[in-house]
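# Observations on chain architecture
Here are the chains, one letter per residue:
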Amino acid sequence: MTNKQYLLTSSTEATGLLSLFVGGRYILISNGELSANGLKPISFWIQRGQSGERTEYAEFDWEAKSLQFGKHDERRNVALSEGTQDQLSVFYHLALTAPHSGRFKLALTTGRKFNQYEYQVIGEEALETPLGVLKTQHLANVTQEAGNRTDIWLAVDHHYLPVRFMLTAQKGEILDHVIAELR
């Protein structure tokens, strides 16, 4: 595959009572190339809330095998390993490289930090969604950061698209996204 580009965007905003505590939108943009091994990000941008002070970037230099990330004035560099993803591309990369088996490692940047994660296939599960019951492959992060846990469900009959993402933080907060529409 050559010269196949992708552009992903995501915008999330708290509503209801939660909006009193979490203000503004979370906007994520990832672009890069579609390769034989899944997505290959070139750049990633995230704005957390309304303040430009909460905007971070990641630039992937695959030739130099270097990842630069952070705020504009606080950039860090790390070695870029094959298959590294950003906070948005990772979900579609997992879909493109599915089905998964056993344990596998994945390097990921959030724009703020960079970590290596290990995921494990929990198994197939029936997941109740607004679209009905979906047959899914459940993945869980087994190398959790300070009590955080990440679970991802990929829809087996819908090209393994991510249909649920749940982050459980060490303080017990849960961020749970479940698909509401598929077009």
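Residues numbered from 1 in each chain as written. Predicted model: local features only at pLDDT ≥ 70, side-chain atom pairs only at ≥ 80, totals over all residues. Heavy atoms only, no water.

On to the overall build of the protein chain, then. Each helix and strand in the protein chain was counted, giving one helix and 13 strands. Counting every position in the protein chain, which comprises 183 residues, the buried fraction comes to 39%. When the accessible surface of the protein chain is split by element, carbon and sulfur atoms take 51% of a total near 10700 Å². (Helix = DSSP H or I, 4+ residues; strand = E, 2+ residues; numbered from the N terminus. Buried < 20%, exposed > 50% of the residue type's maximum accessible area, 1.4 Å probe, protein only. Areas by Shrake-Rupley, 256 points an atom, 1.4 Å probe, with all protein chains shown as cover.)

Within the secondary structure layout, Q85 lies in strand β7 (residues 85-86). A relative accessible area of 0% places Q85 in the buried class. Not counting residues within four places of it along the chain, the set of residues in contact with Q85 comprises L39, P41, F60, V90, H93, L106, A107, L108 and T109. (Contact = heavy atoms within 4.5 Å.)

This part takes up the nonpolar core. Counting residues in each nonpolar core, the largest one holds 17 residues, and the members touching the most others are V90, L94, Y119, L139, I152, L154 and Y160. For this core, the elements supplying multiple residues, two or more each, are α1 (89-96), β8 (103-109), β9 (114-129) and β11 (149-155). Looking at which element gives the most residues to this core, the answer is α1, with four residues. Residues in contact with L154, not counting those within four places in the same chain, are L94, A98, H100, K135, T136, Q137, L139, Y160, L161 and P162. Y6, L8, L80 and L88 belong to the second-largest nonpolar core, a separate cluster that totals 15 residues. (Core = buried A, V, L, I, M, F, W, Y, C linked by side-chain atoms within 4.5 Å.)

Time to look at unusual backbone geometry. Of the consecutive residues A98 and P99, the connecting peptide bond is found in the cis state with omega at 0°. Despite not being glycine, K65 has its phi angle at roughly 55°, a positive value. With respect to the secondary-structure elements, K65 resides in the loop between β4 (55-61) and β5 (66-71). Look at K65 and you get exposed, because its relative accessible area is 53%. Although it is not a glycine, H159 adopts a positive phi angle of roughly 55°. Secondary-structure assignment places H159 in the loop between β11 and β12 (161-168). For H159, a relative accessible area of 70% gives the class exposed.

Within the open sheet, the six strands sit side by side as β1-β2-β3-β4-β5-β6. Their pairing is antiparallel. Since the sheet does not close on itself, it has two edges, and those belong to β1 (5-13) and β6 (74-79), each with one partner. This sheet shows a mean twist of 15° between the axes of neighbouring strands, independent of strand direction. For strand β2 (residues 25-35) and strand β3 (residues 38-48), the ladder comprises 10 bridges, and the chain directions are antiparallel. What sits directly across from E33, in β3, is K40. Against the sheet, α1 makes contact with β1, β2 and β3, and its axis sits at roughly 155° relative to β3, the strand it touches most. (Pairing = 2+ DSSP bridges. Axes fitted to C-alpha atoms, helices over the stretch in contact; angles between N-to-C directions.)

Now for the pairing of β12. Pairing between β11 and β12: seven bridges, direction antiparallel. When the bridges of β12 are listed, I152 appears paired with F165. Count of turn residues in the β11/β12 antiparallel hairpin: five residues, of which H159 carries a positive phi of about 55°. Taken together, the five bridges between β12 and strand β13 (residues 174-178) define a ladder with antiparallel strand orientation. Within the sheet, the bridge partner assigned to F165 lies in β13 and is H177. In sequence, β12 turns back onto β13 through a hairpin of five residues, with G172 there showing a positive phi of about 95°.

From the geometry alone we can't say anything about function, so treat these as descriptive.
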